[in-house]
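Chains, contacts and geometry: an overview
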Amino acid sequence: MSQLKQIEQSAQHVAEAIASVLGVEVTIVDDSLLRIAGTGRYLETIGAQLAIDSVFAQVLRSKRGFIITDPGKHNVCVTCQIRESCPEQAQVCCPIIFEEAAIGVIALIAFTAKQRQTLLEQQQDLFGFIDRMAELLASKIAEQENLNRLQVAKNQLETVLNTVQEGIIAADQFGRIVRLNTAAKKMLGVSAAQAIGTSLTSLLPGLEVEAVIDAGREISNREITRNVNGRRLHCMVTAKPWSEGGLACGIVATLREMAEVRKFVSQLSSQTFHYTLDMILGDSQLLRATKDSAAKAADSNTTVLIQGESGTGKELFARAIHYGGERKYKPFIAINCAAIPEALLESELFGYEEGAFTGARRGGKPGKFELADGGTIFLDEIGDMSLSLQAKLLRVLQERRIERVGGLDGFRVDVRIIGATHKDIDIMVKNGEFREDLYYRINVFPLYIPALRYRQDDLPLLIQTFITKYASALSKEISAIDADAFQTLQSYQWPGNVRELENTIEYLVNIETGNTISKRSIPARIKEKTATAHNKLTGVVPLAELERTAINSALERFGPSAEGKNKVAQALGISKATLYRKLKEYNCISQIETLSQFEKPKQ
Ligand SMILES: Nc1ncnc2c1ncn2[C@@H]1O[C@H](COP(=O)(O)OP(=O)(O)OP(=O)(O)O)[C@@H](O)[C@H]1O
């Protein structure tokens, strides 16, 4: 569409105004020789296409105006096909110039002697007048072009605003809503008609709109919870003042649903801390059996209780179970129940409402259960939880609902629970330190992580991996450990398990000056506590040690199946019941439970 066509109404008004003032006919054509406007006998041919040899084509080409006193005889009429029968008596035409291009022609035409006389008598004045009219049309075009550009920018902006996931609301200096995007309408359950004109605080209660507008204070990441048509909206709001020329004009608030924020955080964390069973190092039969059980736990959606000594990798297993299961794209939230003072643990777990206690944050705070919604909560050191909190946890497990501290209504959460402890929870139950009913609820799928001293076959792989890891981190050329040093590490009991081993290797890589870790670098505390040292000291190997070693190697040899265990008992010449008792006695409970958690023999 030509530029003149876009302002055809204005062009027609201009044509009619000129015609009525001067009493001559007026026509306006665009740069494709289409008649855009016309008066008198031209009225009927608006929209008609003019011949390419017409006078107007010459005006467009030359960008010059003409006055034709004798139509048909003027040299611009030479090429015109109708010059012999031309009904015009005189004509004044002028190009319409926009941004240095001729975009049309405006012409005054006389069809009568009187009109001709008017044109000829006033020709000089008319040229100036018609020129100004052409300028007027050009300025209309400029205005239209600006409007078009603004419209395009507005459409683009609206598309962007309506495409973003965040809700965006703009309010004026009185806090009245003037605009909101699609996401905001959806989150707040309102239409534009319902929202526009109402106060921002009616939709976002508790937001200090005045402080933002009057004091120019910015509010960032404020949590707001409210009911929207029976649904619980929990969102994070950021509000900024909006001013023009230093004057406060209003406020722009952005809203993000907490579920989306969490999803984003969980996606980020799953990229950062994504852990799989394959990443847990170790190939001993005991660890393989543990990984097999963990894989079954990952496939199911049940509550898992992981037991094992400190540093055995309980958290790694918890992560691997989460990321190996159907909740892997949802949050994995870990909390160490022993590391948080009892008074704070409840609000950490279940969150609190605004005003729940002195110092409670505005807008309240979600608890770990809420943050883990849809995913998994890892309750590390669950054995350290107080009895009163155990009762509350039991209720969550039974009802699958949580209640924020100071909150009136509870709400549903869908959270998988994985607990872990290094304590003997059976004994705690017997001693009344851990609720029996909670124990049964938590211990649906028990998983025992064997201590490192019972899976010595894993040592070479662990040691080698840690040497490579720390040599690279510390830019050292160390790639191996000599046989003597390895023997020393192998004889050590590793009470701190893999964590202690990893720390020790890091230390050794740090202090070693050669290319291979040697025995002399090993700390005295380890050298002195090796089993060999103990044996050398006393000259005898304790019976219990011999029994433990015999049972462990038989287990390694015959495997974890029921059949394997029969063979272990047979090979050692003891009954199955004795085998189980000894495993427990020698603190081998972890293996036996891991190996047979689904098929415990009747004793
Ligand atoms: N099998 C393994 N492979 C690789 N690294 C391991 C393994 N087991 C444990 N680790 C490492 O040992 C350290 C302790 O692991 P983790 O925190 O999972 O143990 P934990 O049993 O939960 O300990 P705690 O009872 O003290 O909380 C971590 O640095 C972990 O990476």
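Residues numbered from 1 in each chain as written. Predicted model: local features only at pLDDT ≥ 70, side-chain atom pairs only at ≥ 80, totals over all residues.

A few words on the site of the ligand. What surrounds the ligand is a group of 16 residues, the closest being Leu281, Gly313, Lys314, Glu315 and Val498. When residues of the shell around the ligand are traced back to their parent elements, those giving at least two are α12 (314-323) and α20 (497-511). Among the residues forming the shell around the ligand, the class breakdown is four nonpolar, seven polar and five charged. Counting contributing residues per domain, the shell around the ligand is built from domain 3 (274-280 + 298-449) and domain 4 (452-538), each supplying no fewer than three. (Near = placed C-beta within 6 Å. Helix = DSSP H or I, 4+ residues; strand = E, 2+ residues; numbered from the N terminus. Nonpolar A, V, L, I, M, F, W, Y, C, P; charged D, E, K, R; others polar. Domains from an automatic or database assignment.)

A word on the sheet that holds strand β1 (residues 25-30). Across the sheet, five strands lie side by side as β2-β1-β5-β4-β3; this open sheet has antiparallel pairing. What marks the edges here is a single partner per strand, and that holds for β2 (35-38) and β3 (66-68). Taking the axes of each pair of neighbouring strands and ignoring which way they run, one obtains an average angle of 20 degrees across the sheet. (Pairing = 2+ DSSP bridges. Axes fitted to C-alpha atoms, helices over the stretch in contact; angles between N-to-C directions.)

Here we take up the nonpolar core. Ile306, Ile321 and Leu447 are the most contacted members of the largest nonpolar core, which has 41 residues in total. Of all the elements, α12 adds the most residues to this core, at five residues. When sequence neighbours within four positions are dropped, the list of residues in contact with Ile321 reads Ala294, Ala297, Ala298, Val304 and Ile418. Grouped together as the second largest cluster of nonpolar side chains are 40 residues, Ile36, Cys94, Met133 and Ala134 included. (Core = buried A, V, L, I, M, F, W, Y, C linked by C-beta atoms within 7 Å. Buried ≥ 20, exposed ≤ 12 C-beta atoms within 10 Å, placed from the backbone. Contact = placed C-beta atoms within 7 Å.)

It is worth spelling out the packing of helix α11 (residues 285-299) against α12 at this point. Their axes nearest at 8 Å, the elements α11 and α12 cross at an angle of 45 degrees. Comparing their axes, α12 and α11 come out oblique. Once α11 is placed against α12, the crossing between them reads as right-handed. Of the residues in α12, those touching α11 at Ala294, Ala297 and Ala298 are Phe317, Ala320 and Ile321. (Parallel < 35°, antiparallel > 145°, perpendicular 65-115°, else oblique. Left-handed = near helix turned anticlockwise from the far one by under 90°.)

What follows concerns helix α13 (residues 342-350). Buried within α13 are the following residues: Leu345, Ser347, Leu349 and Phe350. Of the surrounding secondary structure, the elements contacted by the buried residues of α13 are β12 (332-336), β13 (351-352), α14 (368-371), α15 (387-399) and β16 (401-402). Looking one or two places after α13, you find Gly351, whose phi comes out positive at around 80 degrees.

Quick look at the environment of Tyr42 now. Mapped onto the fold, Tyr42 is located in the loop between β2 and α3 (55-62). Sequence-wise, Tyr42 and Glu25 are 17 residues apart; in three dimensions their C-alpha atoms are separated by 7.9 Å. Non-local contacts of Tyr42, meaning those with residues more than four positions away in its chain, are made with Glu25, Thr27 and Arg35.

This brings us to the confidence of the model for the protein chain. In this model, the protein chain carries a mean pLDDT of 85, and residues with pLDDT of at least 70 account for 89%. Put simply, helix α26 (residues 589-596) is where the protein chain has its lowest mean pLDDT, 43, and strand β18 (residues 416-421) is where it has its highest, 96. Below a pLDDT of 50 lies the segment residues 533-541, which in the model reaches four contacts outside its immediate sequence neighbourhood of four places, other chains included. Taken together, the stretch residues 589-603 has pLDDT below 50 and engages in 32 contacts with residues farther than four places along the chain or on a different chain. Two numbers describe this predicted complex: its pTM, 0.56, and its ipTM, 0.98. (pLDDT = per-residue confidence, 0-100.)

The strand order across the open sheet built from five strands is β7-β6-β10-β9-β8, with neighbouring strands paired in antiparallel fashion. Both edges of this open sheet fall to β7 (177-180) and β8 (219-228), since each of them pairs with a single strand only. Mean inter-strand twist for the sheet, computed between neighbouring axes without regard to direction, equals 30 degrees. Bridging between strand β6 (residues 167-172) and β7 involves three bridges; their strand directions are antiparallel. Counted as the bridge partner of Ala171 is Ile177 from β7.

This part is about unusual backbone geometry. The phi angle at Lys63 is positive, at roughly 55 degrees, despite the residue not being glycine. Judged by C-beta crowding, with 12 C-beta atoms within 10 Å, Lys63 ranks as exposed. Look at Glu99: it is not a glycine, yet its phi comes out positive at around 50 degrees. Tracing the backbone shows Glu99 in the loop between β4 (90-98) and β5 (101-110). Of the residues examined, Glu99 has 10 C-beta atoms within 10 Å and is grouped as exposed.

Between its terminal C-alpha atoms helix α2 (residues 8-22) stretches 21 Å, which fits the 21 Å expected from 15 residues at 1.5 Å a residue. Those residues of α2 that sit buried are Ala11, Val14, Ala15 and Ile18. Projected onto a plane normal to the axis of α2, the buried residues spread over an arc of 100 degrees and lie on a single side. Every exposed residue of α2 that faces more than 90 degrees away from the buried side is listed here: Gln9 and Ser20. Where α2 is buried, its residues contact α1 (3-6), β1, β2, β5 and α5 (123-163). (Expected span 1.5 Å × (residues − 1). Arc of directions from axis to C-beta.)

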